[in-house]
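Survey of secondary and tertiary structure
Below are the chains, spelled out letter by letter.
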Amino acid sequence: MEMDLSTIVLLAVFGFIAAFIDSTVGGGGLISLPALLGLGMPPYLALGTNKLAGTISSATSSYTFIKNGKFDKKLMLILFPVSLIGAYFGAKTVLFVPQEFLKILVVIMMALIFVYTLFNKRFGQDSNYKGLTKFTLGIGIPFTFLIGFYDGFFGPGTGSFFVFLMVLLFGYDFVIAAGNGRILNLASNISALFVFTMEGKVVFMTGLIMGIAMLLGANLGAKMAIKTGVRYVRPLFLVVSITLIVKMVYELIFTS
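Attention here is on the structure that accompanies the text. (Residues numbered from 1 in each chain as written. Predicted model: local features only at pLDDT ≥ 70, side-chain atom pairs only at ≥ 80, totals over all residues. Heavy atoms only, no water.)

1. Here's the deal with the packing of aromatic side chains
How two aromatic rings sit relative to each other is given by the distance of their centres and the angle of their planes. The final tally for this structure, using the stated rule, is six aromatic pairs. Between the aromatic rings of Y88 and F89, the centroid separation amounts to 5.6 Å while the plane-to-plane angle is 85°, which identifies the pairing as edge-to-face. According to the relative accessible area criterion, F89 is partly exposed, its value standing at 43%. Among the aromatic residues, those joined into a ring-pair cluster are Y129, F170 and Y172. (Phe/Tyr/Trp six-rings, centres within 6.5 Å; stacked < 30°, edge-to-face > 60°. Buried < 20%, exposed > 50% of the residue type's maximum accessible area, 1.4 Å probe, protein only.)

2. A few points about the environment of P235
For P235, the location among the structural elements is in helix α10 (residues 230-254). According to the relative accessible area criterion, P235 is partly exposed, its value standing at 40%. Separated by 210 residues in sequence, P235 and V25 place their C-alpha atoms 9.9 Å apart. (Helix = DSSP H or I, 4+ residues; strand = E, 2+ residues; numbered from the N terminus.)

3. What to know about a nonpolar patch on the surface
A cluster of nonpolar side chains, namely L5, V9, V13, F16, I17, L215, L216 and L220, defines an oily patch on the protein surface of about 690 Å² accessible area. At the level of elements, α1 (5-25) and α9 (204-228) are the ones that each hand at least two residues to the nonpolar patch. Tallying contributions element by element places α1 first for the nonpolar patch, with five residues. By secondary structure assignment, the location of I17 is in helix α1. (Patch = residues over 30% accessible without salt bridge, like charges linked within 9 Å, V, L, I, M, F, W, Y side chains within 5 Å. Areas by Shrake-Rupley, 256 points an atom, 1.4 Å probe, with all protein chains shown as cover. Salt bridge = Lys/Arg side-chain N within 4 Å of Asp/Glu carboxyl O.)

4. What to know about the nonpolar core
Counting residues in each nonpolar core, the largest one holds 70 residues, and the members touching the most others are L75, M166 and F196. Broken down by element, the residue count for this core peaks at 11 residues, all from helix α8 (residues 174-198). (Core = buried A, V, L, I, M, F, W, Y, C linked by side-chain atoms within 4.5 Å.)

5. Observations concerning the packing of helix α4 (residues 73-94) against α8
Taken N-terminus to C-terminus, the directions of α4 and α8 make an angle of 35°; their axes are 7 Å apart at the nearest point. With respect to the hand of their crossing, α4 and α8 are arranged in right-handed fashion. On α8, the residues that touch L75, M76, L79, F80, S83, L84, A87, Y88, A91, K92 and V94 of α4 are N180, I183, L184, A187, S188, I190, S191, A192, F194, V195 and F196. Considering only residue class, the contact of α4 with α8 consists of 17 nonpolar, four polar and one charged. (Axes fitted to C-alpha atoms, helices over the stretch in contact; angles between N-to-C directions. Left-handed = near helix turned anticlockwise from the far one by under 90°. Contact = heavy atoms within 4.5 Å. Nonpolar A, V, L, I, M, F, W, Y, C, P; charged D, E, K, R; others polar.)

Below, the structure is given as structure tokens:
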């Protein structure tokens, strides 16, 4: 990639938009990763570089949610290291295993999440959180590990999976779920970034340029989510989910 002015502008624009969306419901990788690939970056370098920019984005949005108290501190202390460990093993695995076999499973999962959220009008509207129990943690810990692993291994939709887990299993409303999801996504991004950096799969200048734009987008997106609440987050969640489904189905049909 030649870092001329037009490339820098494209990285900044795509990075800002990706982070704005990603800061609430995830799915920013739908924009940022194809942008890096479209600018001529090889796939593994694009994955690693995208993790650098994504880490900056998730750190920014996490800070905004934490600052405004829109997260569960006790739960995050438990699940943050779980996501961290899961993503480490996922990123280690992706360097040796093709990603193709995951795509069909992810499309099915995202489709089920979309349909469930669409037809359950009150889903995520109100908080039904009744405290942590052995049951919720017994399910939440392994699922957090799997989502973290998935983020390190492949990635698209990770934020959406975390948000859905927070609403469905723990009973948070969409805003608190978004805050928790961003913090867990920060953990998986940090871990995956560490692995890709150690393997020499990160182009730092490109990642930092996109990351700076993502910092601005993530800050604005998180603030809007907190200010407007569920009426903004839920529709965005549905839009990002269906977009991810369409994109991955297209790839399965036309690029396999």
